[in-house]
Amino acid sequence: MVGLLDRPAPGGPVTDAVDGAIAGAVGSVALNVVTFLDMTLRGRPASDTPEESAGRLTQVLHIGLGPEDRAANRRSGLGPLLGYATGVLSGAALTVVGLRRLPGPVAAGLFGAGAMLASDGTLTALGVTDPRRWSRTDWLADIVPHLAYGLVAVATLGQLRRSRRPR
């Protein structure tokens, strides 16, 4: 038993998925921080798309949320949870397909774009938004936080990889 904890964790798809999920979670925090900074600096309101997407998803899945006063509160909680789930699952999926092996800036851009596609694709499929109608400001308000997601997720993956190297 002595020394077993000193060995690097075995690699492979499971390790990649776990590392990616961790990186996706940390990237999601970065995305939210950048979004909240944008709201603070520009004085813009919070988006209603997370809550609306939660409502649409529960309708599609035929999941009742109870009486309307409680349903509204549940949608308010489910919206951000769905965002974190998207970020975590995107990080895992993008890591498993090998994006972590690309040069850092390329990987960061693709991680951000992948998470943005997963998020916006879901919102579009649910009929919550239509990116074809977005203004330049709307696109920037979406791209910049997702770029932060990608940068932080890739940095986290790099740190996880370095922590497994034998000393």
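One can find the structure itself at the top, above this paragraph.
Here the structure is a predicted model, which means the values were calculated and not measured.

A. Just the side chain of Thr-35, in detail. You can see Thr-35 is positioned in helix H1 (residues 13-42). The buried category is assigned to Thr-35, whose relative accessible area is 18%. Every residue in contact with Thr-35, bar those within four places of it in the chain, is listed here: Arg-44 and Pro-145.

B. Geometry of the side chain of Thr-58. Among the secondary structure elements, Thr-58 is positioned in helix H2 (residues 49-60). Apart from the residues within four sequence positions on either side, Thr-58 is in contact with Ile-63, Leu-65 and Leu-78.

C. Up close: H1. Taking 1.5 Å of rise per residue, 30 residues should cover 44 Å, and H1 covers 42 Å from first to last C-alpha, within 8% of that figure. Looking one or two places after H1, you find Gly-43, whose phi comes out positive at around 65°.

D. Seen up close, the pattern of salt bridges. If you walk through the whole model with that rule in mind, you get 7 salt bridges. Of the charged contacts, one joins Arg-75 and Glu-68 as a salt bridge, the two residues approaching to 2.5 Å between their closest N and O atoms. The class for Arg-75 is buried, based on a relative accessible area of 18%. A cluster of three or more residues bridged by salt bridges with shared partners is formed by Asp-38, Arg-42 and Arg-44.

The rules behind these values
- Residues numbered from 1 in each chain as written.
- Predicted model: local features only at pLDDT ≥ 70, side-chain atom pairs only at ≥ 80, totals over all residues.
- Heavy atoms only, no water.
- Helix = DSSP H or I, 4+ residues; strand = E, 2+ residues; numbered from the N terminus.
- Buried < 20%, exposed > 50% of the residue type's maximum accessible area, 1.4 Å probe, protein only.
- Contact = heavy atoms within 4.5 Å.
- Expected span 1.5 Å × (residues − 1).
- Salt bridge = Lys/Arg side-chain N within 4 Å of Asp/Glu carboxyl O.

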